[in-house]
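An overview of the molecular structure
Listed below, chain by chain, are the residues.
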Amino acid sequence: MVLFNKKKRIQYLGFNDLWFSIIGILILSIIANYLFNNLSERESLDLLLLGWVAALIPTICDWFIIRFILIFLRKKYPSFKDDIKRIIFLLFAIIIVIFIIDFTVGFLLAKTFTFLGYNSSHMVILKILLPVILIVIMIMAIYEAIYYNVRLKKSIREEEQTKQVMIQAQLDTLRNQAQPHFLFNSLNTLRDIIDQNSKDEAKAFVDNLSGVYRFILESDSTNLISLREELKFAKAYIHIQSERFGDNLKVNWNISEHALTSMIVPMSLQLLLENAIKHNIVSRAKPLTIHLETKDSQLIVSNKIQAKSTQIPSTKIGLKNIEQRYALITHKLPEITNDENRFTVSLPLLKLSDQKKDYGNTNH
């Protein structure tokens, strides 16, 4: 039964109303005793006690019958859109139950006291029932207010959880996009090495590539990573590319020590380095220098534009992928500048407090 089962009381009422019911019944019975009986005629303690019992019995009946109807209506009409309908039904139920119970029980108690030799002045009239009805309505309004608040919090929590699941699914999709993008460009690089260099150099490239890919797999479920870890990955990637380009590829790492604990989207720096190498000439005649620096809570990656005459196939995923992942996690977005001479991307360095509210705890 809901009355004796704490879990069900909380489920259907929104809170454990045991003490609320006990105190409410006692207060309501005292008020009813005052309304229904002439206390000046109660000359002894036993008469006062009998008068209170006469008010307590119908109060208990009213309380638990109305409470049962309240729970029944909540089971039948659980939706927010049915609140008005449920409350109207409850108001009618309160009026009907109080009239029936108080008239019936009041009449029976009066007859019982008369039969026992007491002069009963216990009266049940409309004028007295109205304040009782109003008091019961106010008590039920407390039940409804608590129930509404609990449901509202639950609805908001479920909506937030749904948003977080959707955001996480989008992040997973974008993160999984970046991995084939890396593999696609790495295979193009491997093809060039096979064409231009010895088999031993190709084998060394594959060995280094497997180490880098191991790093990717280990950070597969991470939506944010420290700049320190991302730099390790980026330097390992540049080491691989150096086997192909030698001194024709240079990277200036101007990274401040205090920025290393900041957070960044995984593989974002690597994607920028990859794009710079992919879309620019890297040769003895035109060496490519990529500059990295931290400034004003940003990681700035820039290079002089020296576009290739013929471009290799592009998936066009890199920059868009980075922008979308940042947009899902934070309001701080990357800034991209192309002045026809230099190409610059500024990645925001994040703190956990920079995450969007909707993003919540999706980082894991």
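Residues numbered from 1 in each chain as written. Predicted model: local features only at pLDDT ≥ 70, side-chain atom pairs only at ≥ 80, totals over all residues. Heavy atoms only, no water.

**Brief notes about the nonpolar core**
In terms of nonpolar packing, the biggest core is built from 34 residues, with L249, L269, L273, I277, I290, L299 and L347 touching the most fellow members. When residues of this core are traced back to their parent elements, those giving at least two are α7 (227-245), β2 (249-254), β3 (263-264), α8 (268-279), β4 (288-295), β5 (298-304), α9 (318-329) and β7 (342-348). Residues L56, W63, I66 and V105 belong to the second largest nonpolar core, which totals 26 residues. (Core = buried A, V, L, I, M, F, W, Y, C linked by side-chain atoms within 4.5 Å. Buried < 20%, exposed > 50% of the residue type's maximum accessible area, 1.4 Å probe, protein only. Helix = DSSP H or I, 4+ residues; strand = E, 2+ residues; numbered from the N terminus.)

**Section: the layout of surface pockets**
In this structure, the second largest pocket spans a volume of roughly 270 Å³. Lining the second largest pocket we find 14 residues, and of these Q11, Y147, V150, R151 and K154 sit closest to its centre. Going through the elements one at a time, α1 (6-13), α3 (45-76) and α5 (126-196) are the ones with two or more residues in the lining of the second largest pocket. For the lining of the second largest pocket, the residue count by class is six nonpolar, three polar and five charged. (1 Å grid on protein atoms, 1.4 Å probe; cavity = no way out; pocket = protein on both sides within 12 Å on 5 of 7 lines; lining within 4 Å. Points joined across faces, edges and corners; volume = space filled by probe spheres on them. Nonpolar A, V, L, I, M, F, W, Y, C, P; charged D, E, K, R; others polar.)

**Considering the sheet that holds β4**
Taken together, the five strands give an open sheet; going across it, the order is β2-β4-β5-β7-β6, and neighbouring strands pair in mixed fashion. Strand pairing shows two members of the sheet lacking a second neighbour, β2 and β6 (335-338), which therefore form its edges. Taking each pair of neighbouring strands and ignoring which way they run, the sheet shows an average axis angle of 15°. Direction of pairing for β5 relative to β7: antiparallel, over a ladder of seven bridges. Along β7, the bridge assignment pairs I300 with S346. (Pairing = 2+ DSSP bridges. Axes fitted to C-alpha atoms, helices over the stretch in contact; angles between N-to-C directions.)

**Overview of the packing of aromatic side chains**
In this structure the tally under the stated criterion is seven aromatic pairs. Taken together, a centroid distance of 6.4 Å and an interplanar angle of 65° make the contact between W63 and Y143 edge-to-face. Placement of W63 in helix α3 and of Y143 in helix α5 is noted, with a sequence separation of 80 residues between them. Of the two residues, W63 and Y143, both sit in the buried class. Among the aromatic residues, those joined into a cluster by ring pairs are F15, F20, W63 and Y143. Above the plane of the ring of F80 lies R151, whose end atom (NZ or CZ) is 4.3 Å from the centre. Sitting over the face of the ring of W253, K235 holds its NZ or CZ atom 5.3 Å from the ring centroid. (Phe/Tyr/Trp six-rings, centres within 6.5 Å; stacked < 30°, edge-to-face > 60°. Lys NZ or Arg CZ within 6 Å of the ring centre and 35° of its normal.)

**Digging into the packing of α7 against α8**
As a packed pair, α7 and α8 sit with axes 8 Å apart at the nearest point and diverge in direction by 20°. The angle between α7 and α8 falls in the class roughly parallel. Crossing handedness for the pair α7 and α8: right-handed. In this structure, α7 uses E230, L231, F233, A234, Y237, I238, Q241 and F245 to contact α8, whose residues at the interface are S268, L269, Q270, L273, E274 and I277. The residue makeup of the contact of α7 with α8, split by class, is nine nonpolar, three polar and two charged. (Parallel < 35°, antiparallel > 145°, perpendicular 65-115°, else oblique. Left-handed = near helix turned anticlockwise from the far one by under 90°. Contact = heavy atoms within 4.5 Å.)

**A few points about α1**
Burial in α1 covers these residues: R9, Y12 and L13. Mapping the buried residues of α1 onto a view down its axis gives an arc of 85°, with all of them on the same face. Looking one or two places after α1, you find G14, whose phi comes out positive at around 95°. (Arc of directions from axis to C-beta.)

**A closer look at the pattern of salt bridges**
For the coordinates displayed, the defined rule picks out eight salt bridges. D17 is the partner of R67 in a salt bridge, and the nearest nitrogen-oxygen pair spans 2.7 Å. Taken as a pair, R67 in helix α3 and D17 in the loop between α1 and α2 (18-36) lie far apart in primary sequence, 50 residues in all. Judged by relative accessible area, which is 1%, D17 ranks as buried. For the salt bridge of R86 with E144, the shortest nitrogen-to-oxygen distance reads 2.7 Å. Remark: E144 occurs in helix α5 and R86 occurs in helix α4 (residues 83-115); sequence separation between them is 58 residues. With respect to class, R86 is no different from E144; both count as buried. A single salt-bridge network, built from bridges that share partners, covers R74, D83, R86, E144 and R151. (Salt bridge = Lys/Arg side-chain N within 4 Å of Asp/Glu carboxyl O.)

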